[in-house]
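What follows is the residue order along each chain.
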Amino acid sequence: MGLPVVVLISGAGSNLQALIDRQLAGDLPVEIRAVISNRADALGLERAKRAGIATRVLSHREFTNRAAYDAELVTLIDGVAPGLVVLAGFMRILTPEFVAKFQGRLLNIHPSLLPKFPGLHTHQRAIEAGETVHGATVHFVTEELDGGPGVIQARVPVLPGDDATALAARVLAQEHLIYPLAVGWFAKDRLRLGEDGLARLDGEVLHRPIRLDELSLAGNRTLTEDKV
Ligand code: GRF
């Protein structure tokens, strides 16, 4: 049995699917106990059901304020007792209370090379800024929006003629690689957020996120070898 995990989504759920696929393949030691969406029409809910995972919809429309919504969300999550909460395209800003509650066991994936382009419309903004490289970042969540310690990044080129849709698809394919990696590290007790606010992998402080291309180039300590 793997680490109990809850995944929060709002949309397509392709990152959720990547986690399900790795878990079914036997190389991600997690048990996804529930998928919670703030939108009833999130396609990711169907993906969860297909995989036999319990789903819940908690619509933000039924709440008058963010604090009340997040308090109910905490109750739902606590009911499942996860060791890790995975934000996978959950399109809501979380209250400081929520973040504090799950501090150190709350991961997010963001479609940019943080600290570049926090917030929305990252692909369009990267194109408009004339970036030649773009990507995605998995990070621990702290109170600062898209600002917590980075764990792993993947880079993609921005190609001439790219529009936001083309660039997003190229980034998303990389997200599906790095999110299961980071979740796997956490599940295997290799990745932690220290009391000092620094992320550590195998006890080593990550002063910057690991880069996926470094892992494969190094033939690597982490990508293929399992220290557990
Ligand atoms: C991804 O680009 C993720 O980085 C962002 O929202 C998107 C979610 O995609 N936070 P999906 O729902 O996992 O397909």
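Analysis parameters
- Residues numbered from 1 in each chain as written.
- Predicted model: local features only at pLDDT ≥ 70, side-chain atom pairs only at ≥ 80, totals over all residues.
- Heavy atoms only, no water.
- Near = heavy atom within 4 Å.
- Polar contact = N/O pair within 3.5 Å; in protein donor to acceptor, adjacent residues only side chain to side chain.
- Areas by Shrake-Rupley, 256 points an atom, 1.4 Å probe, with all protein chains shown as cover.
- Helix = DSSP H or I, 4+ residues; strand = E, 2+ residues; numbered from the N terminus.
- Nonpolar A, V, L, I, M, F, W, Y, C, P; charged D, E, K, R; others polar.
- Axes fitted to C-alpha atoms, helices over the stretch in contact; angles between N-to-C directions.
- Parallel < 35°, antiparallel > 145°, perpendicular 65-115°, else oblique.
- Left-handed = near helix turned anticlockwise from the far one by under 90°.
- Contact = heavy atoms within 4.5 Å.
- Buried < 20%, exposed > 50% of the residue type's maximum accessible area, 1.4 Å probe, protein only.
- Pairing = 2+ DSSP bridges.
- Right-handed = clockwise from strand over helix to strand, strands pointing away.
- Arc of directions from axis to C-beta.
- Core = buried A, V, L, I, M, F, W, Y, C linked by side-chain atoms within 4.5 Å.
- Phe/Tyr/Trp six-rings, centres within 6.5 Å; stacked < 30°, edge-to-face > 60°.
- Lys NZ or Arg CZ within 6 Å of the ring centre and 35° of its normal.

### Description of the site of the ligand
Phase 1 of the analysis: Close to the ligand lie Ala12, Gly13, Ser14, Asn15, Gly89, Ile109, His110, Pro111, Leu172 and Glu175.
Phase 2 of the analysis: The side chain of Ser14 places a nitrogen or oxygen atom 2.5 Å from an oxygen atom of the ligand.
Phase 3 of the analysis: The contact in question runs from an oxygen atom of the ligand to an N or O atom on the side chain of Glu175, over 2.8 Å.
Phase 4 of the analysis: The protein chains hide 83% of the 360 Å² of surface that the ligand would expose on its own.
Phase 5 of the analysis: Listed by contribution, the elements that provide at least two residues to the shell around the ligand are helix H1 (14–25), strand S5 (106–110) and helix H6 (164–187).
Phase 6 of the analysis: When grouped by side-chain class, the residues that make up the shell around the ligand number four nonpolar, five polar and one charged.

### So, the packing of H1 against helix H2 (residues 43–50)
Phase 1 of the analysis: Here H1 crosses H2 at 15 degrees, and the two axes come no closer than 9 Å. In terms of their interaxial angle, H1 and H2 are classed as roughly parallel. Here the hand of the crossing between H1 and H2 comes out right-handed. Counting all contacts with H1, which are made through Ser14, Leu16, Gln17 and Ile20, the residues of H2 involved are Gly44, Arg47, Ala48 and Arg50.
Phase 2 of the analysis: The class makeup of the residues in the contact of H1 with H2 is three nonpolar, three polar and two charged.

### Describing the pairing of strand S1 (residues 3–9)
As a general feature of sheets, a regular strand has side chains that alternate between the two faces.
Phase 1 of the analysis: In terms of residue burial, S1 counts as a mostly covered element, since six of its seven residues are buried.
Phase 2 of the analysis: Here S1 runs beside strand S2 (residues 30–37); their pairing, made up of seven bridges, is parallel. Counted as the bridge partner of Val5 is Ile32 from S2.
Phase 3 of the analysis: Handedness of the β-α-β unit built from S1, H1 and S2 comes out right-handed.

### Focus on H2
For an α-helix, 3.6 residues make a turn, and residues three or four places apart therefore share a direction.
Phase 1 of the analysis: Here H2 has its buried residues at Gly44, Leu45, Arg47 and Ala48. Projected onto a plane normal to the axis of H2, the buried residues spread over an arc of 160 degrees and lie on a single side.
Phase 2 of the analysis: For H2, the secondary structure elements touched by its buried residues are S1, H1, S2 and strand S3 (54–57).
Phase 3 of the analysis: Once H2 ends, the next one or two residues include Gly52, with phi positive near 75 degrees.

### Some details on the sheet that holds strand S10 (residues 204–205)
Phase 1 of the analysis: Strand order in the open sheet formed by three strands is S8-S9-S10, and the pairing between neighbours is antiparallel. In this open sheet, the two edge strands, each paired with only one partner strand, are strand S8 (191–193) and S10.
Phase 2 of the analysis: Direction of pairing for strand S9 (residues 199–201) relative to S10: antiparallel, over a ladder of two bridges. Residue pairing for S10: Leu201 is matched across the bridge by Glu204.

### Regarding the nonpolar core
Phase 1 of the analysis: Among the nonpolar cores identified, the biggest contains 45 residues, and Val7, Ile32, Val35, Val86, Ile152, Val183 and Trp185 are the most heavily contacted of them.
Phase 2 of the analysis: With 10 residues, the single largest contributor to this core is H6.
Phase 3 of the analysis: Discounting residues that sit within four places of it in the chain, Val35 has contacts with Val7, Ile9, Leu16, Leu45, Ala48, Ile53, Ala54, Thr55 and Arg56.
Phase 4 of the analysis: Core analysis: the second largest hydrophobic core is formed by 20 residues, Ala34, Leu87, Val99 and Leu106 among them.

### Observations regarding the packing of aromatic side chains
Phase 1 of the analysis: In this structure the tally under the stated criterion is three aromatic pairs.
Phase 2 of the analysis: Aromatic side chains Phe63 and Tyr69 sit 5.3 Å apart centroid to centroid with 85 degrees between the ring planes, which places their arrangement in the edge-to-face category.
Phase 3 of the analysis: Phe63 sits in the partly exposed class, given a relative accessible area of 22%.
Phase 4 of the analysis: Above the ring of Tyr69, the side-chain terminus of Arg92 is found at 4.2 Å from the ring centroid.
Phase 5 of the analysis: Sitting above the plane of the Phe186 ring, Arg192 keeps its charged end 4.1 Å from the centroid.

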